[in-house]
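Coordinates in review
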Amino acid sequence: MDIDELLNLMKKVKKIKIDNIEITADEIIINIPTLPPIPIPQTPPIREGIKRIVSPVEPKIEIPEVDWSPPVEKYKGYIREVQFGRPKSEGGRGKVIKIGGQRTLYRFEEVQPNPPVVTFDIFDMPMPGLPKPVREYFQDVMEDPVEWAKKCVKEFNADMVTIHHISTDPKLKNTPPKESAKLMEDLLQAVDVPFVIGGSGDPKKDPLVLEACAQVAEGEKCLLASANLDLDYKKVADAAMKYDHNVLSWTIMDPNMAKDLNRRLISHGLDGNRIVMDPTTCSLGYGIEFSINTMIRLRLAGLKGDELVNMPMSSGTTNAIGAREAWMVNPEWGDRRYRLPLWEITTGLTMLLCGVDIFMMLHPLSIAVIKEFGRLLVSKPEKIKVNTDNYEWIRA
Amino acid sequence: MAKKISAMDIYKLLPKINCKKCGESSCMAFATKLQERKVTIDECPILKSPKFEKNRKKLEELLSPPVKEIWFGYEDKKVILGGEEVMYRYELTFFNPTAIGIDISDSLPEEEIKKRAKFVEDFVFERTGEKLKLDFIALRNASDDPERFVKALKIIQENTNMPVALCSLNVESIEKALDIVRSKPMIYGATEKNFSEMIKMLISKKRDKKEFALTLSSSNIKTLKGMVKASLEHGIEDLILDPHTTPENIMETLDKFVMIRRSAIERGDKLLGYPILGLPINTYFYVLKGNNPIKQFVEKLDKAAAIMEARTACAMLNRYADGIIIHGTEVWELMPILTLRQAIYTDPRKPQTVEPGLYPIGNPDENSPVIMTTNFSLTFYTVTGDFEKDGVVCWLLVMDTEGKAVDVAVAGGQYCGDNAKKLIEETKIEEKVNHRIIILPGLAAPVRGDIEEKTGWTCVVGTRDSSQVGEFLRKNWNKILEEWKAKQEL
């Protein structure tokens, strides 16, 4: 192209863009024309007395700025922290679990320091009454509680295990406490997780069984289940003090009763930091509303500073699978394989949201779901990235 | 609770003439019932007179709950959301049970839409004498096509009379649907993106006297509050809040629900005093897309999705959701959701009880067994349901345990010898049978001695579960009766 032609063109268009060119020259002079300043129109101030007319047909609609801040409460009290297990450095078997320690009710106020813990229920003799959806996971180990405990830990990552010495019941096998203690020793050797030690529910026998097991588990900071008003709770507390364990203080759905038992245990000499409260879990559909009220009231009282009820809470969530809607074969109610764990999940989740810290449960699926939920409680807000948008369901 | 309104505050505004036309003995008694929300101001005829108009307005203001009550649906079939006054049910009660909606996609073939709509309308799960049902249909504009949306709405309306939520972010779709909808719909929704356009359209519909409840949606509570403010300024007052349901971290959502509710109830923030909508359906589709946290146990994606969706729904029921939309329709998924809702929304002021007394089951005679249970309605209906199914014939004694179940009443001391004695005397059961044997539930074994001592009747501990009573009686009753008779002859 002739250079003059190009210059002529440039006169017409003010600006050109040239792609992929190569210029060979001795000297290139580029004159950059200076642009005259662009006048910025001044908005005349609106004189007072003149109102802007908003057309009623086309209103200007926008989202205004407003004030709001998260409604965070100040609490006078706190929830005590209770430790299970003893680290290897202190001569223990290894795994240490802590529960409690909250200073607020909700995560947005302050992230909970310890996640809720689930402990797997196992029994010292086969449980013929266990519904099939549970049995199918444990059928092969039900004859041997040691193998049962191992399976919970190895296959389902159990953080803790609850051994129920039900065969000690005088109406069942009436196993002597000595034999329970032997089993306890074997269990402690088989797995490194902390234990909850339960009896058969026989008020005369339980304190003896718990004492014998506490002795062989000395220093392992187990949870003795339980001290309650129907039995010699002092004996249970004594065993805990003597052999370095914690005590489950179990009462029936009455905050005052829980307070009363805690007071008695403490005045007997038991350190309040060794108490976990169990205010009774009524399963879904069988009075769960009573448990909701009791637990939330206890938790609020603890946070408000009542040191007789600021202990972490436990829930016998397994109760849920005893509900007929969970275990019964009934085609009208759909597949029991899903129905049963969901009944236990719903019960556990409700208790979790009322402040429960440790769950005794049976079905591995339910346990997985409760544990997954518990992890969210200790995650900082917005730490877990949210990628989905809220509206995909409309077009799904 | 926000500032507590005393019965005296209410009394001051009442006519104070003790005319008893409301059915109460005095205006003060009426004030107390108003405070507990056991009656409404409409029950006072004097307040309706023009002279009391001012007082009536003041009372309405005073008594309006911190969470506004919003309804949608048909006049005779309403879904009521909100109306809550307290953070915890033990403080008073929770009022309007969480409304449960099931979605229907407008992309489905006509037959499928019809079938699903019918399913939602007909679904019922009965427990403790109460029929638990689903509340509304959430029609979603999956096609994004206004015509399809309208067509699907027509099919639903022609085949059911279920309240409807119109779910689309497409303003044109909502506009067209509003033209033909027969009920007051819930609209989902106004978002940060479509806000201006949606509100503009709704203002014009409002001018045409169209009624609707509008869901405002934002993941930011502050923005949500601003949206409420703007909506109110334009006369759109029936609002519902959606602070987003995030399946990756459901705790974020639950936190927001609590913050909104606490702002309204404990901090008196009127702009956040509206019902909250939860979307467990988000969890369903999230899992269905392959995000299955329970694949070790449940591989089938739709089953895992249903379990995780139910878990989200149940968490939301515990955290102030006033309405939820779900996708799953498996009965095993819906059962726990409906049961939990029933439990949370039972009125703690009245225990669920049946009248204590004597109930003949089947056609009992003088040789039939006497069985003693509690007046907790769940226990009663479970027991009678089982007996009916199994053909059990007996005299059923229902003890007043203040509405507590057997194990709780045994522990709490209501299921005891003294109450048993009273029950036997009041029901005159002695005149109906020629034996003195009572069968106790398995869970009542610990109080057997007490009951025998106080009543003089022989107690037999039966089964733990009432479903096994039929078999127990067939095996044992004749023997028990004969042994007892033999003892008497000695």
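Residues numbered from 1 in each chain as written. Chains lettered and ligands numbered in written order. Predicted model: local features only at pLDDT ≥ 70, side-chain atom pairs only at ≥ 80, totals over all residues. Heavy atoms only, no water.

1. Things to note about the interface of chain A and chain B
- Contacts between the two partners involve 80 residues from chain A and, on the opposite side, 96 residues from chain B.
- Taken as a group, Ile61(A), Trp68(A) and Trp393(A) account for 12% of the area that chain A buries against chain B, more than any other trio of residues on that side.
- Taken together, the links from chain A to chain B amount to 10 salt bridges.
- Notably, a salt bridge pairs Glu325(A) with Arg127(B), separated by 2.6 Å at the nearest N-O pair.
- Breaking the side of chain A that touches chain B down by element, the ones donating at least two residues are helix H3 (145-156), helix H8 (288-303), helix H9 (324-327), helix H10 (336-353), helix H11 (364-377) and helix H12 (392-395) of chain A.
- Among the elements that line the side of chain A that touches chain B, the one with the most residues is H10(A), at 9 residues.
- Looking at the side of chain A that touches chain B, its residues break down into 48 nonpolar, 9 polar and 23 charged. (Contact = heavy atoms within 4.5 Å. Buried area = accessible area lost by both parts, 1.4 Å probe. Salt bridge = Lys/Arg side-chain N within 4 Å of Asp/Glu carboxyl O. Helix = DSSP H or I, 4+ residues; strand = E, 2+ residues; numbered from the N terminus. Nonpolar A, V, L, I, M, F, W, Y, C, P; charged D, E, K, R; others polar.)

2. Topic: the sheet that holds strand S7 (residues 164-167) of chain B
Residue and element names in this part refer to chain B.
- Strand order in the open sheet made by the 8 strands is S10-S9-S8-S7-S6-S3-S12-S11, with parallel pairing throughout. One side of each edge strand has no neighbouring strand; the edge strands of this open sheet are strand S10 (239-242) and strand S11 (277-278).
- In terms of strand pairing, S7 meets strand S8 (residues 186-191) through 3 bridges, oriented parallel. Bridge pairing in S8 links Leu166 to Ile187.
- Helix-sheet contacts for helix H4 (residues 110-122) involve strand S3 (99-105) and strand S6 (136-140), and the interaxial angle to S3 is about 170°. (Pairing = 2+ DSSP bridges. Axes fitted to C-alpha atoms, helices over the stretch in contact; angles between N-to-C directions.)

3. A closer look at the pairing of S10(B)
- Here S10(B) shows a buried face lined by Leu239(B) and Leu241(B) and a second buried face lined by Ile240(B) and Asp242(B).
- In this region the chain leaves strand S9 (residues 213-217) of chain B, passes through helix H8 (residues 221-233) of chain B and returns to the parallel neighbour S10(B); the handedness of that crossover is right-handed. (Buried < 20%, exposed > 50% of the residue type's maximum accessible area, 1.4 Å probe, protein only. Right-handed = clockwise from strand over helix to strand, strands pointing away.)

4. Some details on H10(A)
Residues and elements named next belong to chain A.
- Between its first and last C-alpha, H10 extends 25 Å over 18 residues, near the 26 Å set by a 1.5 Å rise per residue.
- Within H10, 17 of the 18 residues are buried, which leaves the element mostly enclosed by the surrounding structure.
- Just downstream of H10, Gly355 is the residue with a positive phi angle, here 110°. (Expected span 1.5 Å × (residues − 1).)

5. Let's talk about the side chain of Ser180(A)
All names here are of chain A.
- Mapped onto the elements of the fold, Ser180 is located in helix H4 (residues 177-190).
- On the accessibility criterion, Ser180 (2% relative accessible area) is buried.
- Excluding its chain neighbours within four sequence positions, the residues that come into contact with Ser180 are His165, Thr168, Thr175, Val209 and Cys213.

6. Describing the sheet that holds strand S5 (residues 195-198) of chain A
Residues and elements named next belong to chain A.
- Here 8 strands make up an open sheet; going across it, the order is S8-S7-S6-S5-S4-S3-S10-S9 and the pairing parallel. Both outer strands of the open sheet, strand S8 (275-278) and strand S9 (314-315), are each paired with one neighbouring strand and no more.
- In the packing of helix H6 (residues 233-243) onto the sheet, the strands contacted are strand S6 (223-228) and strand S7 (246-250), and the crossing angle to S6 comes to about 155°.

7. Remarks on the packing of helix H5 (residues 146-159) of chain B against helix H6 (residues 171-180) of chain B
All names here are of chain B.
- Remark: H5 packs on H6, axes separated minimally by 9 Å, with the N-to-C direction vectors making an angle of 35°. Between H5 and H6 lies a crossing of right-handed hand. On H6, the residues touching Pro146, Glu147, Phe149, Val150, Leu153, Lys154 and Gln157 of H5 are Glu172, Ser173, Ile174, Lys176, Ala177 and Ile180.
- For the contact of H5 with H6, the per-class residue count stands at 7 nonpolar, 2 polar and 4 charged. (Left-handed = near helix turned anticlockwise from the far one by under 90°.)

8. A short note on H8(B)
All names here are of chain B.
- Taking 1.5 Å as the rise per residue, H8 with 13 residues should run 18 Å; its terminal C-alpha atoms sit 18 Å apart, in good agreement.
- Those residues of H8 that sit buried are Ile221, Thr223, Leu224, Lys225, Gly226, Met227, Val228, Ala230 and Ser231.
- Between the side-chain oxygen at the start of H8 and the backbone nitrogen of Lys222 there is a gap of 2.8 Å, and the oxygen is on Asn220.
- Of the residues trailing H8, Gly235 is marked for its positive phi of about 80°. (Polar contact = N/O pair within 3.5 Å; in protein donor to acceptor, adjacent residues only side chain to side chain.)

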